[in-house]
Amino acid sequence: MTIFTGGCQCGAVRFRVEGGLGQASICHCRMCQKAFGSFYAPLVSVPDGALAWTRREPKRFRSSNLVQRGFCEDCGTPLTYEAPDGIALAIGAFDDPAAVAPAIQFGTEAKIAYVDGLHELPERSTEADVESNPYLSKLVSRQHPDRPGEDEMPLQGPVA
Ligand SMILES: [Zn+2]
Ligand SMILES: [Zn+2]
């Protein structure tokens, strides 16, 4: 069985998905831009009953009469999009977001024009930035590591 795990930046809210994921997408709509504070929202739908919260549940904001959006009330990480036809999780919150590749774009009527050129911007690694920002060498991360903690619900089987 395929198991996916993830959670918010501080680790207060953690999740596990068993048995596969649904459609992965990015949504350019204005509601998703606001909810994520970003250019678009990367989301993957989860099958009914496949999602378990393994620490706290997210706090929810009802962004419309039909949809609510979940986030960590401690650190603010956007985590869910919850509609009448199901729930989707923020791809960036997964412990291994590279394993969840988006396959379609939604809400393109609101797409910000420069998004199509982002991959052409000049590139700098974090290490290259240490030279211009020496404080980075003293940085101590408080971000939750990209793996389940020992206090989370025990896994049902081996993790691939
Ligand atoms: Zn958090
Ligand atoms: Zn949207």
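Data block above holds the structure.
A short tour of the structure in this document, coming up.

A word on the coordination of the zinc ion (ligand 1)
- Ligation of the zinc ion (ligand 1) by protein atoms is provided by Cys8 (SG), Cys10 (SG), Cys72 (SG) and Cys75 (SG), these donors lying 2.3 to 2.4 Å from the ion.
- Considering all 4 donor atoms around the zinc ion (ligand 1), angles at the metal cover 107 to 112° and the coordination shape is tetrahedral.
- The sequence pattern describing where the donors of the zinc ion (ligand 1) fall on their chain is C-x1-C-x61-C-x2-C. Taken together, the positions of Cys10 in the loop between strand 1 (3–7) and strand 2 (14–18) and Cys75 in the loop between strand 7 (68–71) and strand 8 (78–83) put the pair 65 residues apart, joining distant regions of the chain.
- Note on Cys10: relative accessible area 33%, which makes it partly exposed.

Brief notes about the pattern of salt bridges
- Per the counting criterion, the structure on display carries 8 salt bridges.
- A salt bridge links Glu152 to Arg14, with the nearest nitrogen and oxygen atoms 2.9 Å apart. In this pair, Glu152 sits in the segment after helix 2 (126–132) while Arg14 sits in strand 2, placing the two residues 138 residues apart along the sequence. Take Glu152 and Arg14: they sit in the same class, and that class is buried.
- With a shortest N-O distance of 3.0 Å, Arg16 and Glu18 are connected by a salt bridge.
- Judged by its relative accessible area of 6%, Arg16 falls in the buried class.

Analysis parameters
Residues numbered from 1 in each chain as written. Chains lettered and ligands numbered in written order. Predicted model: local features only at pLDDT ≥ 70, side-chain atom pairs only at ≥ 80, totals over all residues. Heavy atoms only, no water. Donors = N, O, S within 2.8 Å, 3.2 Å for Na, K, Ca; no water. Tetrahedral: all angles 85-135°; square planar, octahedral: opposite > 155°, others 65-115°. Helix = DSSP H or I, 4+ residues; strand = E, 2+ residues; numbered from the N terminus. Buried < 20%, exposed > 50% of the residue type's maximum accessible area, 1.4 Å probe, protein only. Salt bridge = Lys/Arg side-chain N within 4 Å of Asp/Glu carboxyl O.

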